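Commentary on secondary and tertiary structure
Residue-level listing of the chains:
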Amino acid sequence: MALERTPAPLLCLRGVSKRFGAVRALTDVDLEIHGGEVCALVGDNGAGKSTLVKVIAGADPADEGLLEWKGRSVRLQRPHDAQALGIATVYQDLSLCENLDVVGNLFLGRELLRAGVLDEVEMERRAHELLSSLAIRVPILRTPVASLSQGQRQAVAICRALLGEPEVVVFDEPTAALGVEQTTHALDLIDQMRERGLGVLIISHNLADVKAVADQVAVLRLGRNNGFFDVNTTSQEQIISSITGATDNAPTRPGRAWP
């Protein structure tokens, strides 16, 4: 059972725009992410989804628009700014160092020290504790990531994001390279985050995954908002129509249930 949606959004974007030379990738985009809720961001290739993720992650600052964190205006100029607020991002390529083991990847860039040297024992203890809390099975924590399955790598990337105790977690295509069983486990992990009260944003092309885990759906088309939907009261056809542009100005409160 998901926690009740927080009355005010943790992260709010208003009128966000981004240009790359003459190309306008985002135009006046709005988005809200609430605690205890999973929001899915969907759209066709080139809709602006990845650009919006980079804006939220601080990797590519917005040119125009307002970003608010818990009602306070903020500027995200670099990834450290987003991380300091409590925003973690899990990219599609996972960004893992395959020559390092699981513990090394989890604590990369935030290693624990004791008497000026790496505290390997404490890092391994914390890694084991976090993996166990999420029911993630990695046989040997000192196994190089290169030898893990794609599903296990995904789990390691998720754990690394959670290690900093974020309040908002962004996933870019979290199940794109996973099999059926691995996809189920990844979606279960996202459910756990919602139950813990985190705000979750997932970018996905897979509407079955969206239906399985999301509460709300935001559609981008050609860099603009093209509809906000409640998963429980929306048909899959309505979502697809909004993605493809078959219907303009998609309704925000459609009334037919998703089959």
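Residues numbered from 1 in each chain as written. Predicted model: local features only at pLDDT ≥ 70, side-chain atom pairs only at ≥ 80, totals over all residues. Heavy atoms only, no water.

Let's shift gears to the pattern of salt bridges. Taken as a whole and judged by the stated rule, the model has 16 salt bridges. The residue K70 makes a salt bridge to E167 at a minimum N-O spacing of 2.8 Å. Remark: E167 occurs in the loop between helix 5 (150-163) and strand 9 (168-172) and K70 occurs in the loop between strand 4 (64-69) and strand 5 (72-74); sequence separation between them is 97 residues. Look at E167 and you get partly exposed, because its relative accessible area is 30%. Measuring nitrogen to oxygen at the nearest pair gives 3.4 Å for the salt bridge that ties R78 to D81. The exposure class assigned to R78 is partly exposed, which follows from its relative accessible area of 47%. Bridged by salt links that share partners, the residues D101, E120, E124 and R142 form one connected network. (Salt bridge = Lys/Arg side-chain N within 4 Å of Asp/Glu carboxyl O. Helix = DSSP H or I, 4+ residues; strand = E, 2+ residues; numbered from the N terminus. Buried < 20%, exposed > 50% of the residue type's maximum accessible area, 1.4 Å probe, protein only.)

Mapped onto the fold, S242 is located in helix 8 (residues 236-244). Classification of S242 as buried rests on a relative accessible area of 0%. A polar contact of 2.3 Å, which involves the side chain of S242, links it to the backbone oxygen of N226. (Polar contact = N/O pair within 3.5 Å; in protein donor to acceptor, adjacent residues only side chain to side chain.)

Among all residues save glycine, negative phi is the norm, and among peptide bonds the norm is trans. At L94, a residue that is not glycine, the phi angle is positive and equals roughly 70°. Locating L94 in the fold gives a position in the loop between strand 6 (87-90) and helix 3 (102-106). Residue L94 is classed as buried on the basis of its relative accessible area, which comes to 7%. Phi at L222 is positive, roughly 55°, even though this residue is not glycine.

Time to look at the pairing of strand 4. As a general feature of sheets, a regular strand has side chains that alternate between the two faces. Alignment of strand 1 (residues 11-20) against strand 4, held across five bridges, turns out to be antiparallel. Its bridge partner lying in strand 4, R14 is registered against L66. Across three bridges, the pairing between strand 4 and strand 5 is antiparallel. Across the sheet, residue L67 finds its bridge partner in strand 5, namely V74. Between strand 4 and strand 5, which pair antiparallel and follow one another directly, the connecting turn spans two residues, one of which, K70, has a positive phi of 55°. (Pairing = 2+ DSSP bridges.)

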